[in-house]
Amino acid sequence: MKTKTTALSLAVLAAVGLASSHASAEFVETWDFDVDLEWLTEGAEAPTFDPGTGTQEVTSERLSWGSSEGDIDPEINDQRSGLQIIDSPSSGSVDTGDEVDTVGVTHFNSAIASEFATLDTATLMTNLILTPSVPPVTGGEPLTPLTLAFKTTFEETPNTEPCGFESATVCDDIFTVQFEALDDTFTLEGVTYKTTVVEEGLGFLDDDTCAAAGEPAGCYGLTTPEGEFTTLQFGFGIEAVEVPNPAMLALFGTGLLALGAVAGRRRRED
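Small disclaimer: the values here were computed from a predicted structure and weren't measured.

Scoring rules and cut-offs
- Residues numbered from 1 in each chain as written.
- Predicted model: local features only at pLDDT ≥ 70, side-chain atom pairs only at ≥ 80, totals over all residues.
- Heavy atoms only, no water.
- pLDDT = per-residue confidence, 0-100.
- Helix = DSSP H or I, 4+ residues; strand = E, 2+ residues; numbered from the N terminus.
- Contact = heavy atoms within 4.5 Å.
- Buried < 20%, exposed > 50% of the residue type's maximum accessible area, 1.4 Å probe, protein only.
- Pairing = 2+ DSSP bridges.
- Core = buried A, V, L, I, M, F, W, Y, C linked by side-chain atoms within 4.5 Å.
- Phe/Tyr/Trp six-rings, centres within 6.5 Å; stacked < 30°, edge-to-face > 60°.
- Axes fitted to C-alpha atoms, helices over the stretch in contact; angles between N-to-C directions.
- Disulfide = S-S within 2.5 Å.

Peer 1: Tell me about the confidence of the model for the protein, and please be specific about residues and values.
Peer 2: Averaged over all residues, the pLDDT of the protein is 81; the fraction at 70 or higher stands at 79%. The secondary structure element of the protein with the lowest average pLDDT is helix α1 (residues 2-23), at 29, and the one with the highest is strand β2 (residues 48-49), at 97. Confidence drops under pLDDT 50 across residues 1-24; counting only partners more than four residues distant or on other chains, this segment forms 20 contacts. A low-confidence stretch, residues 247-268 (pLDDT under 50), is modelled with 16 contacts involving residues beyond four sequence positions or located in other chains.

Peer 1: Can you tell me about the pairing of strand β4 (residues 62-66), naming the residues and giving the values?
Peer 2: Within β4, 4 of the 5 residues are buried, which leaves it mostly tucked inside the rest of the structure. Across 4 bridges, the pairing between strand β3 (residues 55-58) and β4 is antiparallel. Each residue of the ladder has a partner; that of E57, found in β4, is S64. Between β3 and β4, which pair antiparallel one after the other, the connecting turn spans 3 residues. Inspection of the sheet shows β4 paired to strand β5 (residues 80-86) by 5 bridges, in the antiparallel sense. Pairing of R62 across the sheet is with Q84, part of β5.

Peer 1: Could you give me a rundown of the nonpolar core, with the residues and numbers involved?
Peer 2: Counting 41 residues, the largest nonpolar core has W31, L130, F186 and F234 as its most contacted members. By size, the runner-up hydrophobic cluster in this structure holds 7 residues, among which are C171, I174, L205 and C210.

Peer 1: Provide a residue-level description of the packing of aromatic side chains, including the pertinent values.
Peer 2: The geometry of an aromatic ring pair is captured by two quantities: the separation of the ring centres and the angle between the planes. Overall, the coordinates contain 12 aromatic pairs when judged by the stated rule. Seen in terms of ring centroids, F150 and F179 are 6.1 Å apart; in terms of plane orientation they differ by 70°. Their pairing is edge-to-face. You can see F150 sitting in strand β9 (residues 146-155) and its partner F179 sitting in the loop between β10 (173-178) and β11 (183-188), a full 29 residues away along the chain. Here F150 falls in the buried class, since its relative accessible area comes to 3%.

Peer 1: Describe the sheet that holds β5, naming the residues involved and giving the relevant values.
Peer 2: With antiparallel pairing, the 7 strands of this open sheet are ordered in space as β3-β4-β5-β7-β15-β12-β11. Here the strands that pair on one side only, and so sit at the sheet edges, are β3 and β11. Across the sheet, the mean angle separating the axes of adjacent strands is 15° when strand polarity is ignored. Here β5 runs beside strand β7 (residues 99-108); their pairing, made up of 5 bridges, is antiparallel. Looking across to β7, one finds that I86 is bridged to G104.

Peer 1: Report on the environment of V197, specifying residues and quantitative values.
Peer 2: Positionally, V197 belongs in strand β12 (residues 191-198). Expressed as a C-alpha distance, the spacing of V197 and L182, which sit 15 residues apart in the sequence, is 5.5 Å. Every residue in contact with V197, bar those within four places of it in the chain, is listed here: L148, F150, L182, F234, G235 and F236.

Peer 1: Any details on the state of the cysteines? Residues and values, ideally.
Peer 2: In the structure shown here, the tally under the stated rule is 2 disulfides. In this model, C163 is linked to C171 through a disulfide, with the two sulfur atoms separated by 1.9 Å. When the S-S torsion is -90°, as for the bridge of C163 with C171, the disulfide is left-handed. For C171, a relative accessible area of 1% puts it in the buried group. With its sulfur 2.0 Å from that of its partner, C210 forms a disulfide with C219. The sign of the S-S torsion, about -100°, decides the handedness of the disulfide formed by C210 and C219: left-handed. Each member of the pair, C210 as well as C219, is classed as buried. Indicated for the protein is the disulfide connectivity 1-2, 3-4, based on numbering the bonded cysteines in sequence order.

Here's what the structure looks like:
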């Protein structure tokens, strides 16, 4: 009987400690955020281009290719295209359970002559820093930055029919995107949160479009019309996915205490 009573007492102490630790957990209602985008320009993640003439521009803010004389303006159609990061860096606040638009990328799509080198692959990195603001948990210190890399491939399509896939123009260029996950989770003060990258323009492409881009069926990305500019406005959402219930834990601990007291009385009566 002594062994059983001792084990029950340890269980009660553990339950009380668990209830006390979760009772101190604070649910963050509002977050301050700082986010930026950048093209990675060095090492294995640096942009690559198909063989050809012309010039290529590679900076953390812009990639461009095509005619050495032109600029990335599809209204001029001077045979130079590019990808320009916009609205970066961005800062503001977001409530738990909401989404917010932040930074973006614009593709300036001009018709490119076949002799010019065009973009093949590039990696887009997003860096997100969250700081609890209501209430200011952990003294309002920012959390470790959350990062997500998008590996992109680009297909500069011939401007002649047939395109080989459903296309709004002759012929839309094709981006495909590879990533490990569009979301990440972290735990703060006993509460688990999930952040999710949001971009309505990206989606699964049909098999013909994937094949035209040299990708397997089920690829993920978007197409962009010739002679136009297309902006992808990225954002993120945050939600609480696991919130401890301090009241239930405390009630559970109280029940175990009562059970321990009853066991103690029975032992004395024996």
